[in-house]
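# Results of the structural survey
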Amino acid sequence: MPQVLETFGKLEKNYPKAPTLQAFRYQIAQAYWNKKDWVNTRLWLNMIIEKSGSIESFYTDTAQRRLQKIEY
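The structure reproduced in this document is the subject of the present report. Every value quoted in this text rests on a predicted model; they were computed, and no experiment measured them. Counting of residues starts from 1 at the beginning of each chain's written sequence and follows it residue by residue. Given that this is a predicted model, residues contribute local features only at a pLDDT of at least 70 and side-chain atom pairs are listed and counted only at 80 or more, while totals for whole chains, interfaces and linings are drawn from all residues. Heavy atoms from the whole structure form the basis of all side-chain values; hydrogens and water molecules are not counted.

### Observations concerning the packing of aromatic side chains
- Ring geometry is summarised as follows: Phe, Tyr and Trp rings, the Trp one being its six-membered ring, pair when their centres sit within 6.5 Å, and such pairs are stacked at plane angles under 30 degrees, edge-to-face over 60 and tilted between the two. Per the counting criterion, the structure on display carries five aromatic pairs.
- With a centroid separation of 5.3 Å and an interplanar angle of 80°, the aromatic rings of Phe-8 and Trp-44 are classed as edge-to-face. With Phe-8 in helix 1 (residues 2–14) and Trp-44 in helix 3 (residues 38–52), the pair connects residues that are 36 residues apart, well separated along the chain. Accessibility assignment for this pair places Phe-8 and Trp-44 in one class, buried.
- An angle of 80° between the planes, with centres 5.0 Å apart, marks the rings of Phe-58 and Tyr-59 as edge-to-face.
- Summary of the burial criterion: residues with accessible area below 20% of their type's maximum are buried, those above 50% are exposed, and those between are partly exposed, where the area comes from a 1.4 Å probe applied to protein chains only. For Phe-58, a relative accessible area of 56% gives the class exposed.
- Tyr-59 sits in the partly exposed class, given a relative accessible area of 26%.
- What links up through ring pairs into an aromatic cluster is the set Phe-8, Phe-24 and Trp-44.
- Geometry around Trp-33 places Arg-66 over its ring, the cationic atom sitting 4.0 Å from the centre. Under the DSSP-based scheme used, a helix requires at least four consecutive residues in state H or I and a strand at least two consecutive residues in state E, with every element numbered from the N terminus. Charges are assigned to positions over rings by a cutoff of 6 Å between ring centre and Lys NZ or Arg CZ, combined with an angular limit of 35 degrees from the ring normal.

What follows is the structure, encoded as structure tokens:
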């Protein structure tokens, strides 16, 4: 994960408006989900929702649904 997070950080820094960032965030959340690391899963899913602002997308919808699965 450290290499993935480092790569993501560089991508986000160099291309802060890149549309692929949400997909990358979701993949990171999925990796944590698969490890049953719920704290980091929540962190990344909430980041997807936060970064989307008022724009609804596949990733915001999926992140919201995933959070509901963790919470309930």
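After that view, the rundown keeps rolling.
### What to know about unusual backbone geometry
- The backbone of Lys-36 shows a phi angle near 60°, a positive value even though the residue is not glycine.
- Structurally, Lys-36 can be placed in the loop between helix 2 (20–34) and helix 3.
- Note on Lys-36: relative accessible area 60%, which makes it exposed.

### Focus on the packing of helix 1 against helix 2
- For helices, the fitted axis covers only the stretch in contact; all axes are lines through C-alpha atoms, and the angles between them, taken along N-to-C directions, range from 0 to 180 degrees. Closest axis-to-axis distance for the helix 1/helix 2 pair is 11 Å, and the angle between their directions is 165°. Between helix 1 and helix 2, the interaxial angle falls into the category roughly antiparallel. Here helix 1 and helix 2 pass one another in a crossing that is left-handed. Here Val-4, Leu-5, Thr-7, Phe-8, Leu-11 and Glu-12 of helix 1 come into contact with helix 2, specifically with Thr-20, Leu-21, Phe-24, Arg-25, Ile-28 and Tyr-32.
- Three residue categories are used. Nonpolar comprises Ala, Val, Leu, Ile, Met, Phe, Trp, Tyr, Cys and Pro, charged comprises Asp, Glu, Lys and Arg, and polar comprises the others, including Gly. Residues of the contact of helix 1 with helix 2, tallied by class, amount to eight nonpolar, two polar and two charged. To sort the angles, those under 35 degrees are grouped as roughly parallel, those over 145 as roughly antiparallel, those from 65 to 115 as roughly perpendicular, and the leftovers as oblique. Crossing handedness follows the turn of the near helix against the far one: under a right angle anticlockwise gives a left-handed crossing, and clockwise gives a right-handed one. Two residues form a contact once any of their heavy atoms are found within 4.5 Å.

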